[in-house]
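Chain and residue survey
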Amino acid sequence: MIGIASGKGGTGKTTVAVNLALALQEKGFRVMLFDADLGLANAPILLGTRCPFNISHVLSGEKTLSDIVVTTPQKLRLISGASGNQALAGLMTLEVTRLVQAFSDLHEDLDYLIVDTAAGIAPSVLALMAACHRRFIVMRNDPLSIADAYGTVKVLLEDLHMDQIYLIPNAVKNKRVGEELFQRINRVCAQHLTHTIDYVASIELDDSIQDANSHLQPLMMFAPSSQGAKDFRLLAQAVTELPAVDHLSGGVQFFARRWLTPHRLRELH
Ligand SMILES: Nc1ncnc2c1ncn2[C@@H]1O[C@H](COP(=O)(O)OP(=O)(O)OP(=O)(O)O)[C@@H](O)[C@H]1O
Ligand SMILES: [Mg+2]
């Protein structure tokens, strides 16, 4: 369960969520994408698909979560937030908790759940991050994005005591710039915060990402041999190589009931 956040808007969360999901699927994993940008969902647009029902129908009681899951043309399983729904954008922690618990009723065989969230650190975004095993912060190499990524890390680490926080520098000139950006932020974390964070991979600036968007196709399908697509494959590979998460955060988590099988409980003790 991987939650994707950023602090500042427009850093590339949805691009990363969609293409990471597709790159993991390309490796043979079963992946579900939860577009949890609840008020302004746009993953369906990037995937060139439409979701007749969304999270707003689940919260109103008209539909169950399994009623609203769609299979995209790329064969991803997708759950969508609503677009242009202010009530959903301002969802409170308790409602997010209900939503996260509803996932336990889904009978899907999944290897990865990727959760794309809205920009900022609204209570709903933080609750979604807490419900995941790992948290990826997508950032750009510009002062505002750096400040907001650090601010987000600080809240996750210090106020909410979350671990498994990783940085993904996006739209960088090259991988070295991305790694240096991570090192810079991590040094500040080491000096001023209780813990350090981790690095997964960087995504380079690639104009084919914009081209793919305007063709309403995800990059992995639109330009599979582009630099961006290669970077998303490297990111997916790095994700599969991350050490297993062997503990829960203690709060409400996606698929908690399924994850805590008697077998795993025995493993953990
Ligand atoms: N590596 C990249 N190279 C070039 N353009 C990129 C890259 N990553 C993202 N973009 C572009 O940046 C813009 C914002 O991307 P995206 O919608 O994924 O950001 P977001 O963080 O989800 O935004 P929001 O905060 O509004 O949800 C898009 O036009 C996208 O095509
Ligand atoms: Mg987005």
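Coordinates for the structure precede this section.
Note that the structure is a prediction, hence the values are computed from the model and not measured.

**Focus: the site of ligand 1**
Taken together, 19 residues lie around ligand 1, and Gly10, Lys13, Thr14, Thr15 and Asn213 are the ones closest in. One of the backbone nitrogen or oxygen atoms of Thr11 is found 3.2 Å away from an oxygen atom of ligand 1. Between ligand 1 and the protein, one listed contact pairs an oxygen atom with a side-chain N or O atom of Arg140 at 2.9 Å. Look at ligand 1: alone it shows 640 Å² of surface, and the protein chains cover 82% of it. Judged by its atoms lying within 2 Å of the grid points, ligand 1 is housed in the second largest pocket. Elements with a contribution of two residues or more to the shell around ligand 1: helix H1 (13-26) and helix H10 (207-214). Grouping the constituent residues of the shell around ligand 1 by class yields five nonpolar, nine polar and five charged.

**Notes on the nonpolar core**
Grouped together as the largest cluster of nonpolar side chains are 40 residues, with contacts concentrated most on Leu33, Ile114, Phe136, Val200, Phe232, Leu235 and Val239. Top element by residues in this core is H1. It accounts for eight residues. Those residues in contact with Phe136, other than ones at most four positions away along the chain, are Ile2, Gly3, Ile4, Ala5, Leu20, Tyr166, Ile168, Val200, Val239 and Leu242.

**Let's talk about empty space enclosed by the protein**
Under the counting rule described, the total for this entry stands at two cavities of 30 Å³ or more. Of the pockets and cavities examined, the second largest cavity occupies roughly 40 Å³. Those elements that place two or more of their residues in the lining of the second largest cavity are H1 and H10. With three residues, H10 is the largest single contributor of residues to the lining of the second largest cavity. Taken together, the residues of the lining of the second largest cavity sort by class into five nonpolar, four polar and no charged.

**Looking at the sheet that holds strand S2 (residues 31-36)**
Hydrogen bonds along the backbone pair up the strands of a sheet, which may run parallel or antiparallel. Within the open sheet, the eight strands sit side by side as S3-S4-S2-S5-S1-S6-S7-S8. Their pairing is mixed. The sheet terminates laterally at strand S3 (70-71) and strand S8 (198-199), the two strands that pair on one side only. Inspection of the sheet shows strand S6 (residues 134-139) paired to strand S7 (residues 165-169) by five bridges, in the parallel sense. Its bridge partner being in S7, Val138 is matched across the sheet by Ile168. Strands strand S1 (2-5), S2, strand S5 (112-117), S6 and S7 of the sheet are contacted by H1, whose axis makes an angle of about 170 degrees with S5.

Conventions we followed
- Residues numbered from 1 in each chain as written.
- Chains lettered and ligands numbered in written order.
- Predicted model: local features only at pLDDT ≥ 70, side-chain atom pairs only at ≥ 80, totals over all residues.
- Heavy atoms only, no water.
- Near = heavy atom within 4 Å.
- Polar contact = N/O pair within 3.5 Å; in protein donor to acceptor, adjacent residues only side chain to side chain.
- Areas by Shrake-Rupley, 256 points an atom, 1.4 Å probe, with all protein chains shown as cover.
- 1 Å grid on protein atoms, 1.4 Å probe; cavity = no way out; pocket = protein on both sides within 12 Å on 5 of 7 lines; lining within 4 Å.
- Sits in = over half its atoms within 2 Å of the grid points.
- Helix = DSSP H or I, 4+ residues; strand = E, 2+ residues; numbered from the N terminus.
- Nonpolar A, V, L, I, M, F, W, Y, C, P; charged D, E, K, R; others polar.
- Core = buried A, V, L, I, M, F, W, Y, C linked by side-chain atoms within 4.5 Å.
- Buried < 20%, exposed > 50% of the residue type's maximum accessible area, 1.4 Å probe, protein only.
- Contact = heavy atoms within 4.5 Å.
- Points joined across faces, edges and corners; volume = space filled by probe spheres on them.
- Pairing = 2+ DSSP bridges.
- Axes fitted to C-alpha atoms, helices over the stretch in contact; angles between N-to-C directions.

Function cannot be inferred from these measures alone, as they are strictly geometric.
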